[in-house]
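# A structural walkthrough
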Amino acid sequence: MFSNKEKFKAAFLRKLESMYGKSFQESTPRDHYHTLGNMVREYISANWIATNERNRAADEKQVYYLSIEFLLGRLLGSNLLNLGIQEVVEEGLKELGLDFSAIEEIEADAGLGNGGLGRLAACFLDSLASLDLPGHGCGIRYKHGLFDQKFVDGYQVELPEQWLRHGNVWEVRKPDQAVEINFWGKVESYIEDGKEKFRHAKGEAITAVPYDMPVVGYQTDTVNMLRLWSAEPAPFPTNKDIMQYKRDTEAVSEFLYPDDTHDEGKILRLKQQYFLVAASIGSIIRSYRKKNGSLIDFHKKVTIHINDTHPVLAIPELMRILLDEENMSWEQAWEITSHTISYTNHTTLSEALEKWPTNIFQPLLPRIYMIVEEINERFCADLWKKYPGQWSRIEDMAILAHGLVKMAHLAVVGSFSVNGVAKIHTEILKNREMRLFYEAFPDKFNNKTNGITHRRWLLKANPQLTSLIQDTIGHGWMKDTTQLRQLDVYANDSAFLEKLDQVKRERKQILGERIRKQTGIVIDSDSIFDVQVKRLHAYKRQLLNVFHIMYLYNRLKEDSSFDIHPRTFIFGAKASPGYYYAKRVIKLINSLADKVNNDPAINGRLKVIFLENYRVSLAEDIFPAADVSEQISTASKEASGTGNMKFMMNGALTIGTLDGANIEIKEEVGEENMFIFGLTAEQVLNYYQNGGYRSSEYYHHDKRIQQVLEQLINGFFPDVDDHFEPIHDSLLMQNDEYFVLKDFASYIDAQERVDAAYRNRNHWLRMSAKNIAHSGFFSSDRTIRQYANEIWGLEPSYSKR
Ligand code: 26V
């Protein structure tokens, strides 16, 4: 039905009529979206079945990527692209008088994630399938994804997200493959064949129902699986009030937790974590048993990768099954488990490290807790042999200590591989945060620098740039992004640079139009588009960006001859609902936007745009339009960053600290093609360790800082009484934990270099071309190949087209 336009049009009209019983004339864009979505899903299903069958029949190892978040965004466009039927569909629809992009807009983003960690999982799925690797996602089908953000008087307001309101064309519910999961209850011991055994009894059962979504590889027949679990009442007697039981059950998969830093220790979150793990492992083992019978070789055929510590209960859960259901000895069960699990750490922020109070953990998961206790006892006994007498070392490494279960310790102890997500992050793990573990198990630790799928973030998001690259160097780079290097020589080719300029201009106009529609504000496409889009966090330092804008504003007001190239500062950021400091920064950006955009003296030389509800689909319009990429975290704090890579691939120039993957961007493209500033990680960590920073000195010695800080509290922002006082105080009274004042001068200096560079149009375009040419390393295909070869031991197994 997609082999040519005519067939497509006929099939589309037939499908529309059969689905809706309406004529084409009466149909709505939503009907068109659902019709097309269903056609595409049906088209996928033959390969989906074939891939599943191949997996069942073949003896290859399978990887299951367990993640509490999958931030997928929209799937229609990316599926069409990967299937290679985008053109037929777009042209066919056009002949029917329909506009594909309007139809695409109907699809709700699948926003089942907070930010970097969830989006990384989505990019990895795309790469796994595109590289023909047998790797599948396991997650939770949250009824409500990350909240929708609105601004009311400049303040963030959160609304429940509703992605399933009109159904999800990509999913298939599989009630026959449901798994029962038990919470609460108690552990009973009994004797069988002369051996003491345990079972979890009198618990409260809930049913996990899988919804499967196809993950389509690019130009290949491989279609992998993303299995998302939904919580439903189990058909078993309960002594609870039936309505209460139903509510409690469904609550487990109702909401994504909107925090990505603070470990709140909420019981519902622990329930979600065990729910994901027990359902996923239950179904993995069921299909493994069907094929192989015994689980003796499980670790040779299956790797379970845990995305951060959220699914770390996979370790005791697998132990439980091997011990209680398979009757294995502890040693045998441990051998299998600890060779099955691999783990990625995504942050060194201490407030994000999960630690569960045992008085919450034990009653909810009594058998799992017992197993964790035994893992801990045996681990500590081994340490005692290795480090006799070193009590404090052992105490620091224990999994259970001071009434807490330390999830990161459990993850390191129970897995065969521990990786960080950028070189510097892995070094900080090895030498600081996890030093004791690195000393004990040096071979487990490795680095896998993050990547992004160039298919969504370049081919799909930026067809204009894609065509230009294709016209210039052909299409080999689409399968092997290192070939983007062939663009290097064109960085000196003025005809190429001219076209690159055209592409950027067009994308800036598209974004400008979207901004005008959304906010009513008209922006200048000839201005520098200076963009910071990411979650709002103190360590990401949106505040530093704000202070630069305030400084420019002050200069322009004071000195009419102050000359800058016009700039449009674009922000997108959600703050966790309970993170009051971050919410104040949101209000500050909005207040600044009001001030700057409405001041006639500024005469359009500065504009500040804060786009509501930053999400994947909006991001796809932002990255291609950016000139400047703001990656300005306090060095050592941003594990990797992945937005930095999306900007680079779309030809934006980075202004950034030597943090996370910025360092590797510098290695790839060269310092001369970006704008580096600020303290290094080493300097920051030394200050934390030894003291010696006094923020007030910077306040007293730098008039620019003084002025900006005063403006937070002196009525400069008239609509806010004392609202920015906590920001002011965090910088002066609390000694500026994130070194905003310390890095201010160096940042301003780097921004002056940006301004100067942009004024030399050819020079700028050359740098932009260099960034694109050297971005190939950051494709998640490279990252996933490394995971497959160096951690999972996977081979691409399927036929290629
Ligand atoms: C952490 C926590 C802590 C407990 C409460 C709930 C919760 C939910 C999510 C998270 C994940 C935070 C870690 C994270 O997102 N890290 C980001 O991972 C990106 C992908 O590796 C990386 O590029 C970013 O630098 C890193 O901040």
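Here the structure is a predicted model, which is why all the values come from computation and not from measurement.

## Some points on the environment of Gly293
- Among the secondary structure elements, Gly293 is positioned in the loop between helix H8 (267-292) and helix H9 (298-301).
- Separated by 190 residues in the primary sequence, Gly293 and Ile103 place their C-alpha atoms 48 Å from one another.

## Structural notes on the nonpolar core
- Counting 138 residues, the largest nonpolar core has Ile181, Phe275, Phe298, Phe361 and Trp792 as its most contacted members.
- Top contributing element to this core by residue count: H8, with 11 residues.
- Look past the residues within four positions of Phe298 in its chain and what remains in contact with it is Ile284, Ile285, Tyr288, Ile304, Leu318, Ile336 and Thr340.
- In terms of nonpolar packing, the next biggest core, distinct from the first, is built from 75 residues, Phe569, Tyr699, Val740 and Phe744 among them.

## Structural notes on the sheet that holds strand E24 (residues 653-656)
- Here 6 strands make up an open sheet; going across it, the order is E22-E21-E20-E23-E24-E25 and the pairing parallel. Each edge of the open sheet is held by one strand with a lone partner, namely strand E22 (606-611) and strand E25 (675-676).
- For E24 and E25, the ladder comprises 2 bridges, and the chain directions are parallel. Paired with Gly656 across the strands is Ile676, a residue of E25.
- Each of strand E20 (528-533), strand E21 (567-572), E22 and strand E23 (628-631) touches helix H21 (residues 542-558); the most contacted strand, E21, lies at about 155 degrees to it.

## Details of the packing of aromatic side chains
- Within the structure shown, the criterion is met by 31 aromatic pairs.
- Ring geometry for Phe675 versus Trp764: centroids 6.1 Å apart, planes at 20 degrees, classification stacked. Remark: Trp764 occurs in helix H31 (residues 761-773) and Phe675 occurs in strand E25; sequence separation between them is 89 residues. Neither Phe675 nor Trp764 differs from the other in exposure class; each is buried.
- An aromatic cluster is present here, built from Tyr687, Tyr688, Tyr693, Tyr698 and Phe739 joined pairwise through their rings.
- We note Lys508 situated over the ring of Phe529; from NZ or CZ to the ring centre the distance is 4.8 Å.

## So, the side chain of Lys174
- Structurally, Lys174 is set in the loop between strand E7 (172-173) and strand E8 (179-183).
- Side chain to side chain, Lys174 and Asp212 meet in a polar contact 2.5 Å long.
- In this structure Lys174 touches Val209, Pro210, Asp212, Met225 and Arg227, once residues within four positions along its chain are discounted.

## Some points on the site of the ligand
- Near the ligand there are 21 residues, and of these His346, Asn450, Glu638, Ser640 and Gly641 occur at the shortest range.
- Here an oxygen atom of the ligand and a side-chain polar atom of Tyr539 are 3.4 Å apart.
- At a separation of 2.6 Å, an oxygen atom of the ligand approaches a polar side-chain atom of Glu638.
- Considered on its own, the ligand offers 590 Å² of accessible surface; in the complex 94% of this is hidden by protein.
- Here the shell around the ligand gets 3 residues from one element, more than from any other, and that element is helix H6 (residues 116-130).
- Classifying every residue of the shell around the ligand by side-chain character gives 6 nonpolar, 9 polar and 6 charged.

## A look at a nonpolar patch on the surface
- A cluster of nonpolar residues, Val152, Val157 and Leu159, forms a patch on the protein surface that exposes about 200 Å² of accessible area.
- Residue position: Val152 is located in strand E5 (residues 148-152).
- Under the relative-accessibility criterion, Val152 is labelled partly exposed at 44%.

## Points about the pattern of salt bridges
- Going through the model one piece at a time under the given rule, you end up with 61 salt bridges.
- The salt bridge involving Lys240 is made with Asp248; its shortest N-O contact spans 2.6 Å.
- Given the relative accessible area of 29%, Lys240 is considered partly exposed.
- The closest approach of N and O atoms between Asp621 and Arg514, which form a salt bridge, is 2.7 Å. One end of the pair, Asp621, is in helix H23 (residues 616-622); the other, Arg514, is in helix H20 (residues 494-519), and 107 residues separate them in sequence.

## A look at helix H3 (residues 76-83)
- Judged by how many residues are buried, H3 sits mostly within the fold: 8 of 8 residues are covered.
- For H3, the complete set of buried residues consists of Leu76, Gly77, Ser78, Asn79, Leu80, Leu81, Asn82 and Leu83.
- In this structure, the buried side of H3 is in contact with helix H2 (29-57), helix H4 (86-95), helix H5 (100-104), H6, strand E11 (204-216) and helix H18 (454-460).
- At the C-terminal side of H3, Gly84 shows a positive phi close to 75 degrees.

## A look at the side chain of Asp259
- In this structure, Asp259 sits in the loop between helix H7 (242-251) and H8.
- Among buried Asp, Glu, Lys and Arg side chains, Asp259 stands out as unpaired, with Arg535 the closest opposite charge at 5.5 Å.
- Reaching out from Asp259, the side chain makes a polar contact with the backbone nitrogen of His262 at a distance of 3.3 Å.
- Every residue in contact with Asp259, bar those within four places of it in the chain, is listed here: Asn114 and Ser576.

## Structural notes on the UniProt feature "modified residue: N6-(pyridoxal phosphate)lysine" (unreviewed entry) in the protein
- The positions UniProt marks with the feature "modified residue: N6-(pyridoxal phosphate)lysine" (unreviewed entry) are Lys646.
- Its place among the elements puts Lys646 in helix H24 (residues 643-649).
- Lys646 sits in the buried class, given a relative accessible area of 6%.
- In this view, Lys646 contacts Arg119, Ile452, Trp457 and Phe623; residues no more than four positions away in its chain are not counted.

## A word on unusual backbone geometry
- The phi dihedral of Trp184 falls on the positive side, at around 60 degrees, and the residue is not glycine.
- As for its placement among the helices and strands, Trp184 is situated in the loop between E8 and strand E9 (186-192).
- On the accessibility criterion, Trp184 (32% relative accessible area) is partly exposed.
- Look at Asn735: it is not a glycine, yet its phi comes out positive at around 60 degrees.
- Among the secondary structure elements, Asn735 is positioned in the loop between helix H29 (725-732) and helix H30 (740-759).

## A look at the state of the cysteines
- All chains considered together, the criterion is met by 0 disulfides.
- Summary of cysteine pairing: Cys123 is not part of a disulfide, and the nearest cysteine sulfur, belonging to Cys138, is at 18 Å.

## A few points about the sheet that holds strand E16 (residues 400-401)
- The 3 strands lie next to each other as E15-E17-E16, forming an open sheet whose pairing is antiparallel. Both outer strands of the open sheet, strand E15 (355-357) and E16, are each paired with one neighbouring strand and no more.
- Where E16 meets strand E17 (residues 404-406), 2 bridges bridge the pair, whose relative direction is antiparallel. Counterpart to Leu400 in the pairing with E17 is Val405.
- Against the sheet, helix H15 (residues 407-414) engages E15 and E17, with an angle of about 45 degrees to E17.

Rules used throughout
Residues numbered from 1 in each chain as written. Predicted model: local features only at pLDDT ≥ 70, side-chain atom pairs only at ≥ 80, totals over all residues. Heavy atoms only, no water. Helix = DSSP H or I, 4+ residues; strand = E, 2+ residues; numbered from the N terminus. Core = buried A, V, L, I, M, F, W, Y, C linked by side-chain atoms within 4.5 Å. Buried < 20%, exposed > 50% of the residue type's maximum accessible area, 1.4 Å probe, protein only. Contact = heavy atoms within 4.5 Å. Pairing = 2+ DSSP bridges. Axes fitted to C-alpha atoms, helices over the stretch in contact; angles between N-to-C directions. Phe/Tyr/Trp six-rings, centres within 6.5 Å; stacked < 30°, edge-to-face > 60°. Lys NZ or Arg CZ within 6 Å of the ring centre and 35° of its normal. Polar contact = N/O pair within 3.5 Å; in protein donor to acceptor, adjacent residues only side chain to side chain. Near = heavy atom within 4 Å. Areas by Shrake-Rupley, 256 points an atom, 1.4 Å probe, with all protein chains shown as cover. Nonpolar A, V, L, I, M, F, W, Y, C, P; charged D, E, K, R; others polar. Patch = residues over 30% accessible without salt bridge, like charges linked within 9 Å, V, L, I, M, F, W, Y side chains within 5 Å. Salt bridge = Lys/Arg side-chain N within 4 Å of Asp/Glu carboxyl O. Lys, Arg positive; Asp, Glu negative; His and termini not counted. UniProt positions renumbered as here; feature names shortened; annotations may be inferred. Disulfide = S-S within 2.5 Å.

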